[in-house]
Amino acid sequence: MRIVIGSDHAGFPLKATIVEHIRSLGHEVHDAGSYDPNPVDFPDIAKTVTSAINEGKAARGVMVCGTGVGASIAANKVKGIRAAVCHDVHSAHQSVEHDDVNVMCIGAQIVGAWLAKDLVTAYLKAEFSTDEDFRRRVRKLAEMDEARR
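Because the structure is predicted, anything quoted here is derived from the model rather than measured.

## A few points about helix α2 (residues 42-54)
Item 1. With 13 residues, α2 ought to run about 18 Å at 1.5 Å a step, and its terminal C-alpha atoms sit 18 Å apart, in line with that.
Item 2. When α2 is considered as a whole, its buried residues turn out to be Ile45, Ala46, Val49, Thr50, Ala52 and Ile53. Along the long axis of α2, the arc covered by the buried residues comes to 150°, so they all point the same way.
Item 3. At the C-terminal side of α2, glycine 56 shows a positive phi close to 80°.

Below is the structure:
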């Protein structure tokens, strides 16, 4: 699977560990920045990550910022994106299985490298459920996207 990853300056140090881990799982990674620890605005990185997904250049995305919250807010502003902050393994896989999340956001100031690897593994192994209840709910999310102005 092709994965796009981005971070702001707070997530920059953890991003390198995550990129290496994604590659070790056999996935291709596109790094959307930031490329150094200098301050950068997470909405700019979110635009690049979400564009790669919406343009079909990546199947899923990972964003890393201080708490994961800002990245999630920014990514969810983009039509077609379902982003979730995940700081536990259950949320990392269930967000995909139940909600078809396509961007996982991690807080580098919240989780360490070992947990981040476990989160990414769970997220990338998960598949959207075929259960009609979950499918119906995600269709309703898409309808909400369409209603946005």
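## Here we look at the sheet that holds strand β5 (residues 103-107)
Item 1. Ordered by their spatial adjacency, 5 strands build an open sheet running β2-β1-β3-β5-β4, and the pairing between neighbours is parallel. Pairing within the sheet leaves two strands with one partner each, and these edge strands are β2 (28-31) and β4 (83-85). Taking each pair of neighbouring strands and ignoring which way they run, the sheet shows an average axis angle of 25°.
Item 2. Strand direction decides the pairing type here: β4 and β5, joined by 3 bridges, are parallel. Following the sheet pairing, alanine 83 is matched in β5 by valine 103.
Item 3. Contacting β1 (2-7), β2, β3 (60-65) and β5, helix α1 (residues 12-24) crosses the sheet at an angle of about 170° to β1.

## Points about the pairing of β2
Item 1. Pairing analysis gives 4 bridges linking β1 to β2, with the strands arranged parallel. Bridging from a neighbouring strand, valine 4 pairs with histidine 30 of β2.
Item 2. Each parallel crossover has a hand, and for β1 linked through α1 to β2 it is right-handed.

Conventions we followed
Residues numbered from 1 in each chain as written. Predicted model: local features only at pLDDT ≥ 70, side-chain atom pairs only at ≥ 80, totals over all residues. Heavy atoms only, no water. Helix = DSSP H or I, 4+ residues; strand = E, 2+ residues; numbered from the N terminus. Expected span 1.5 Å × (residues − 1). Buried < 20%, exposed > 50% of the residue type's maximum accessible area, 1.4 Å probe, protein only. Arc of directions from axis to C-beta. Pairing = 2+ DSSP bridges. Axes fitted to C-alpha atoms, helices over the stretch in contact; angles between N-to-C directions. Contact = heavy atoms within 4.5 Å. Right-handed = clockwise from strand over helix to strand, strands pointing away.

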